[in-house]
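Read off the chains here:
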Amino acid sequence: MPERLDAAAEGLFSSTMRNLQLEPCPPDHPDALALIAGSEAELSSIYPPEVRFAFSPRELVDAGARFVVAYLDGAPVACGGVAPMAGYGELKRIYVAPQGRRQGLARRVVEALEVEARGRGLPLMRLETGEDSPDAIGLYTRLGYARRGPFGTYEENGSSVFMEKRL
């Protein structure tokens, strides 16, 4: 069982909207694994391996990431996590399955993870996405993320887009 969430995040995770449930879920749970596999298939159709930096489920667990799965009418349709780093949280594996898109699910997942990061005392959220993912870049921009240079162990590669937001 996952640890209890920060009280503010608990409200977001368990809230219901149009039959939507956001639930904390281990990254190696079958529902999370199915969504991560969908994410991986989509990323591999867009980006070559040398510019894909998504954490595996094992890496998410090892990093102590808090992970959430969104269920729409009981079916898992979206996921994402926040990995705690030194002084910031990093968004990981934000993904919405095709049948769940254009319903605000990614926004809800990211907002819940931001609340979780704040509750853990992380003042900043960062992420890496790809230049060929305009929908993701648009979402993060609308949520207040701004482009920045590489961070952590990332290097400039001509494909990655690095963004951050003060929480």
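Remember, predicted model here, so these are calculated numbers, not experimental data.

*Asks:* Help me get a handle on helix α4 (residues 105-119), residues and values and all.
*Replies:* For α4, built from 15 residues, the straight-helix expectation of 21 Å at 1.5 Å per residue is met to within 8% by its first-to-last C-alpha distance of 21 Å. Of all the 15 residues making up α4, eleven are buried; the element is thus mostly covered by neighbouring parts of the structure. If you check which residues of α4 are buried, you get Leu105, Ala106, Arg108, Val109, Val110, Ala112, Leu113, Glu114, Val115, Glu116 and Ala117. One or two steps after α4, the chain reaches Gly121, where phi turns positive at roughly 80°.

*Asks:* I'd like a rundown of the layout of surface pockets, residues and numbers included.
*Replies:* The space that makes up the largest pocket amounts to roughly 990 Å³. Looking at the largest pocket, it is lined by 39 residues, and the ones nearest its centre are Ile94, Tyr95, Asp135, Ala136 and Tyr140. Contributing elements (two or more residues each) for the lining of the largest pocket: α2 (30-46), β4 (88-96), α4, β5 (124-130) and α5 (134-142). If one sorts the elements of the lining of the largest pocket by residue count, β4 sits on top with seven residues. Of the residues in the lining of the largest pocket, the class split is 18 nonpolar, nine polar and twelve charged.

*Asks:* Go over the packing of aromatic side chains, please, and point to the residues and values.
*Replies:* Counted by the stated rule, this structure contains six aromatic pairs. Here Phe151 and Phe162 contribute two aromatic rings whose centre-to-centre distance is 6.0 Å and whose plane-to-plane angle is 85°, an arrangement assigned as edge-to-face. Within this pair, whereas Phe151 is found in the loop between β6 (146-148) and β7 (160-166), its partner Phe162 is found in strand β7, the two being separated by eleven residues in sequence. A relative accessible area of 2% places Phe162 in the buried class. Between Tyr154 and Phe162 the ring centres are 5.5 Å apart and the planes differ by 55°, which places this aromatic pair in the tilted class. When sorted by exposure, Tyr154 lands in the same class as Phe162, which is buried. Taken together, the ring pairs connect Phe53, Tyr88, Phe151, Tyr154 and Phe162 into an aromatic cluster. The residue whose ring lies beneath Arg126 is Tyr88, and the NZ or CZ to ring-centre distance is 4.6 Å.

About the thresholds
Residues numbered from 1 in each chain as written. Predicted model: local features only at pLDDT ≥ 70, side-chain atom pairs only at ≥ 80, totals over all residues. Heavy atoms only, no water. Helix = DSSP H or I, 4+ residues; strand = E, 2+ residues; numbered from the N terminus. Expected span 1.5 Å × (residues − 1). Buried < 20%, exposed > 50% of the residue type's maximum accessible area, 1.4 Å probe, protein only. 1 Å grid on protein atoms, 1.4 Å probe; cavity = no way out; pocket = protein on both sides within 12 Å on 5 of 7 lines; lining within 4 Å. Points joined across faces, edges and corners; volume = space filled by probe spheres on them. Nonpolar A, V, L, I, M, F, W, Y, C, P; charged D, E, K, R; others polar. Phe/Tyr/Trp six-rings, centres within 6.5 Å; stacked < 30°, edge-to-face > 60°. Lys NZ or Arg CZ within 6 Å of the ring centre and 35° of its normal.

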